[in-house]
Amino acid sequence: MGLDVLLGLQWGDEGKGKIVDVLTPKYDIIARFQGGPNAGHTLEFNGIKHVLHTIPSGIFRENVLNVVGNGVVIDPIIFKNEIDALTKMDVVINDKLFISKKAHLILPTHRLLDAASEKAKGKEKIGSTLKGIGPTYMDKTGRNGLRVGDILSSKFKEKYEKLKNKHIKLLEFQDFEYDLTEMEAEWFKSIEFLKTLNIIDSEHFLNAQLKEGLSILAEGAQGTLLDVDFGTYPYVTSSNTTSSGTSTGLGIAPNKIEKVNGIFKAYVTRVGNGPFPTELTDKVGEDMQKAGHEFGATTGRPRQCGWLDLPALKYAIMINGVTELSMMKADVLSGFDPIKVCTHYKIGDELYDYFPFDICDEEIEPVYIELKGWTEDLTQLDSIDQIPSTLNDFIEFLEHEVETPITIVSVGPNRTQTLLRNK
Ligand code: GDP
Ligand code: IMO
Ligand code: MG
């Protein structure tokens, strides 16, 4: 086994954390390759629900190493809080968590710049999680950023002050009030804590492990439609959430990638602003939000809901080279009848079966096919042979359309509520 990838095919929150946790026993290492504390990955087992933001979702399993790769951006305060919460639950961290020296640091002023930028955008704001993600990646590509390895340098404070002062100058142009004192004190306390963890040259570490025959699962954050290149730009995040991001975000060459597991919900959700062709603003959408408990794991914001969108799903499968699919939250659709699936977009008089360039300004009318729903409660099933025939028809219809096997069907948030399909 080499490097496999697991990532979201929609606008995030597909259930990546749950499936990483389910698959972790098959791997030696779980590695995050992009994003930061904008992510919220939920895991449920033994009556516990846990939300991870920066730490890989393999952390609860024994004998598995977890790596925060160079492509990730880290807020030391949030990182420390996450580790403190895990330690309280008696999860041993020290010998199984490794952090790349090349991962970039989110400064308190990055968070201020994020908030100031959103305020300045007014009605056109992205709906950012306000964790400082955009400004941190801007400093990375602008060649100004601070990296985890810098905290070990005697010049760290000097470098920090230089970047902070640059940010303060930028904030002067904005009508934005702030008080940095408390945030800064907590940030430096957390930096001291970060120094006590395993800070490594992760690209060397990971390649050496692969050479030894160990297996790695790269855990994506956000989703394909939030990718900075291929998502619904400008309503996206600031990193490459797609499979190619594993190479830049971990330092592992593309030819080492074996399987790509694409995760999608049996419907679609989106949190934040931006286009959403199949969004339901009626009672059906409201019912979906209630049945799926669709509230953000990071910000608590309600997630908009809509029907499954095949042009978008096919696009995501193509961009990522998906080799197998996991369909999540099939249980949520119990009782919805008919179940609709968007097969095309209508723009003017033209029908499109692919994701068009201009998804933000064009009026897009989704064209639906209707499928018979199911009423059975799926949450107690323990084998794929027990699923209702209408759900089986739904799965086979999707597989035929997207030409990719669905190997996992998830029927509840718990680790155990996972049905495997042998394909
Ligand atoms: P992630 O960001 O992709 O890891 O997903 P989130 O954790 O943000 O959101 C997924 C939500 O759905 C979480 O609350 C999960 O506990 C929950 N969940 C995952 N799989 C299922 C499922 O099959 N059925 C139901 N009902 N909930 C699920
Ligand atoms: P996980 O990993 C869902 C969305 C935000 C906003 C846009 C940009 O849990 O799936 P950012 O803070 O990155 O500048 O926000 O992206 N967003 C997510 N939506 N799940 C996520 O992560 C998200 N991370 C960012 O709501 O629309
Ligand atoms: Mg999430």
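The structure we're discussing is the one just above.
Structural notes, computed from the coordinates. Position numbers for residues start from 1 in each chain and track the written sequence from start to end. To read the labels, note that chains go from A and ligands from 1, taken in the order they are written. Side-chain atom pairs in this predicted model are given and counted only at pLDDT of 80 or more, local residue features only at pLDDT of at least 70, and totals for whole chains, interfaces and linings cover all residues. In computing side-chain values, all of the structure's heavy atoms are included and hydrogens and water are not.

Overview of the pairing of strand 15 (residues 324–328)
Alright, step 1. Counting buried positions over the 5 residues of strand 15 gives 5, a clear majority of the element.
Alright, step 2. Whether a residue is buried, partly exposed or exposed follows from its accessible area with a 1.4 Å probe, protein chains only, as a fraction of its type maximum: under 20%, in between, or over 50%, in that order. Put simply, DSSP marks the helices as runs of H or I at least four residues long and the strands as runs of E at least two long, and each gets a number from the N terminus on. Of the two faces of strand 15, the one holding Glu324, Ser326 and Met328 and the one holding Leu325 and Met327 are both buried throughout.
Alright, step 3. The sheet contact formed by strand 11 (residues 257–265) and strand 15 spans 5 bridges and is parallel. Note on strand 15: the bridge partner recorded for Gly262 is Leu325.
Alright, step 4. Note: two strands are recorded as paired if DSSP finds a minimum of 2 bridges between them. Bridge count between strand 15 and strand 19 (residues 406–410): 3 bridges; the pairing is parallel. Along strand 19, the bridge assignment pairs Ser326 with Ile408.

A few points about the site of ligand 1
Alright, step 1. Not every one of the 20 residues close to ligand 1 is listed here, only the nearest: Gly15, Lys16, Thr42, Asp331 and Ser410.
Alright, step 2. In protein, a polar contact means a hydrogen-donor-capable atom and an acceptor-capable atom, both N or O and within 3.5 Å, with residues adjacent in sequence counting only if both atoms are side-chain atoms; elsewhere, any N or O pair within 3.5 Å suffices. Measuring from an oxygen atom of ligand 1, one finds a backbone N or O atom of Glu14 at 3.1 Å.
Alright, step 3. Separating an oxygen atom of ligand 1 from a backbone N or O atom of Lys16 is a distance of 2.8 Å.
Alright, step 4. Throughout, the Shrake-Rupley method with a 1.4 Å probe supplies accessible areas, and for residues the shown protein chains are the sole cover considered. With the chains in place, 93% of the 580 Å² that ligand 1 exposes on its own is no longer accessible.
Alright, step 5. Elements with a minimum of two residues in the shell around ligand 1: helix 1 (16–23) and strand 3 (41–45).
Alright, step 6. Note on residue classes: Ala, Val, Leu, Ile, Met, Phe, Trp, Tyr, Cys and Pro are nonpolar, Asp, Glu, Lys and Arg are charged, and everything else, Gly too, is polar. Residue composition of the shell around ligand 1, grouped by class: 5 nonpolar, 7 polar and 8 charged. By convention in this text, a residue qualifies as near a molecule or strand provided that one of its non-hydrogen atoms is within 4 Å of it.

Here's the deal with the coordination of the magnesium ion (ligand 3)
Alright, step 1. At 2.0 to 2.2 Å from the magnesium ion (ligand 3) lie its protein donor atoms, namely Asp13 (OD) and Gly40 (O). Of this pair, Asp13 sits in the loop between strand 1 (3–8) and helix 1 while Gly40 is found in the loop between strand 2 (29–32) and strand 3, placing the two residues 27 residues apart along the sequence. Each metal's donors are the N, O and S atoms found within 2.8 Å of it, except that Na, K and Ca use a 3.2 Å limit; water is left out, so coordination can look incomplete.

A few points about the sheet that holds strand 20 (residues 418–420)
Alright, step 1. On the basis of which strands lie adjacent, the open sheet formed by 10 strands has the order 9-7-5-2-10-1-11-15-19-20 and mixed pairing. Since the sheet does not close on itself, it has two edges, and those belong to strand 9 (198–200) and strand 20, each with one partner. Averaged over all neighbouring strand pairs, the angle between strand axes comes to 25°, with direction disregarded.
Alright, step 2. We call two residues in contact whenever any of their non-hydrogen atoms come within 4.5 Å of each other. Angles run from 0 to 180 degrees between N-to-C directions of axes, and those axes are lines fitted to C-alpha atoms, restricted for helices to the stretch in contact. Its contacts with the sheet put helix 11 (residues 389–402) on strand 11, strand 15 and strand 19, and the angle it makes with strand 15 is roughly 140°.

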